[in-house]
Each structure stands twice: as structure tokens, then as C-alpha cells.
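# Coordinates in review
The primary structure of each chain is shown beneath.
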Amino acid sequence: MALALRVLIVGAQSVPVARDNPPAPAANAAYASAAANVRAVFDGSCKNCHSNQTAWPWYTYVAPFSWMVTHDVHQGRKHLNFSEWSTYSPKKREEKLEAICDQVINGEMPDGKYLLIHRSARLTQDDREAVCAWVETMR
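Below, the structure is looked at part by part. (Residues numbered from 1 in each chain as written. Predicted model: local features only at pLDDT ≥ 70, side-chain atom pairs only at ≥ 80, totals over all residues. Heavy atoms only, no water.)

Right, let's get into a negative patch on the surface. Residues Glu95, Glu98, Asp102 and Glu108 make up a contiguous surface patch of negative charge. In this fold, Glu98 is placed in helix 4 (residues 90-105). (Patch = residues over 30% accessible without salt bridge, like charges linked within 9 Å, V, L, I, M, F, W, Y side chains within 5 Å. Areas by Shrake-Rupley, 256 points an atom, 1.4 Å probe, with all protein chains shown as cover. Salt bridge = Lys/Arg side-chain N within 4 Å of Asp/Glu carboxyl O. Lys, Arg positive; Asp, Glu negative; His and termini not counted. Charge placed at Lys NZ, Arg CZ, Asp CG, Glu CD. Helix = DSSP H or I, 4+ residues; strand = E, 2+ residues; numbered from the N terminus.)

If you want it as C-alpha cells, here you go:
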């Protein structure tokens, strides 16, 4: 049984995952012109899952964690990708802006799984208010 478990764990490491970071000019980021405190919030709490500038730490190379993290990053980018903001239609931008403020205020973002490992990504009330104020300036 122990041998089979070891073989399974070692074999799982060979399953490929897409840890990619497509080109992402900084000027394309939605928050590129935001105030420094807002950029700090997005860089520290959002960018890893919602941009093409993901930092891939060591545990993203170890299955099954690699599968979970890459899945979450790809889903995060699918829902909102700050690196592709300039390609969004005005209607889509408005929808995303509304969702950003709502999810930050309601504590839905950053995601709880992300906060388990990245405690410094927790948002203060001031952070939440700054993000929502930025959202208003973008409308």
C-alpha cells in the first residue's frame, strides 16, 4: 500500500500543468494610473490570479497543489484579467468594475484559499474603500 502511494505521488508530478504568463504590457493594466495605495492593493492581493503577471511559487510545481493553483489562476483570469483590460468593451468594463467593488466589500475577494497562504493579501477596510473609490473614478 505504501509503495503504491509513493508511485502515485511520484507519477502525479509528471502530469503537466500550464503555468503560463502571456505578454502583459504594464500600460494595459486597468489600474496602471491608479494611486499608489490602490496599485499596492491590486499588486498584493489581486494580480496573481487576475493578470498575466502571476508569480508561480515553488508549491505550484508540486502536484496536487499545482493542479489547484493553476486551475484557480486560469479561472481568475477568465473572470477578470487586468492585463487584458484594454481589450474589454465599455459595457464589459462597467460590469467588471461593479463586480470588483461588490466582491471586495462583501469579502468575496481575495479568495479564501489564496488568503490561507498569502496572509498579507488580506484587505483592510481602508483598502476596500480605496478600491471602491478607484472604481468610481473609472466610471
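After presenting the structure, the write-up continues.
It is worth spelling out the packing of helix 4 against helix 6 (residues 125-138) at this point. The interhelical angle for the contact between helix 4 and helix 6, taken along N-to-C directions, is 165°, at an axis separation of 9 Å. Between helix 4 and helix 6, the angle is such that the two are roughly antiparallel. Every pair of crossing elements has a handedness; the one defined by helix 4 and helix 6 is left-handed. The residues of helix 6 that touch helix 4, namely those facing Leu97, Ile100, Cys101, Val104 and Ile105, are Arg128, Val131, Cys132, Trp134, Val135 and Met138. By residue class, the composition of the contact of helix 4 with helix 6 is 10 nonpolar, no polar and one charged. (Axes fitted to C-alpha atoms, helices over the stretch in contact; angles between N-to-C directions. Parallel < 35°, antiparallel > 145°, perpendicular 65-115°, else oblique. Left-handed = near helix turned anticlockwise from the far one by under 90°. Contact = heavy atoms within 4.5 Å. Nonpolar A, V, L, I, M, F, W, Y, C, P; charged D, E, K, R; others polar.)

A separate point is the state of the cysteines. Within the structure shown, the criterion is met by one disulfide. Note on Cys46: no disulfide assigned, nearest cysteine sulfur contributed by Cys49 at a separation of 9.1 Å. Look at Cys46 and you get buried, because its relative accessible area is 15%. (Disulfide = S-S within 2.5 Å. Buried < 20%, exposed > 50% of the residue type's maximum accessible area, 1.4 Å probe, protein only.)

For the rest of this paragraph, the subject is the packing of helix 2 (residues 36-45) against helix 6. Two elements in contact, helix 2 and helix 6, have axes whose closest approach is 9 Å; the angle formed by their N-to-C orientations is 110°. What the angle tells us is that helix 2 and helix 6 run roughly perpendicular. Two secondary-structure elements touch here, helix 2 through Asn37, Val38, Val41 and Phe42 and helix 6 through Asp127, Ala130, Val131 and Trp134. Tallied by class, the residues present in the contact of helix 2 with helix 6 amount to six nonpolar, one polar and one charged.

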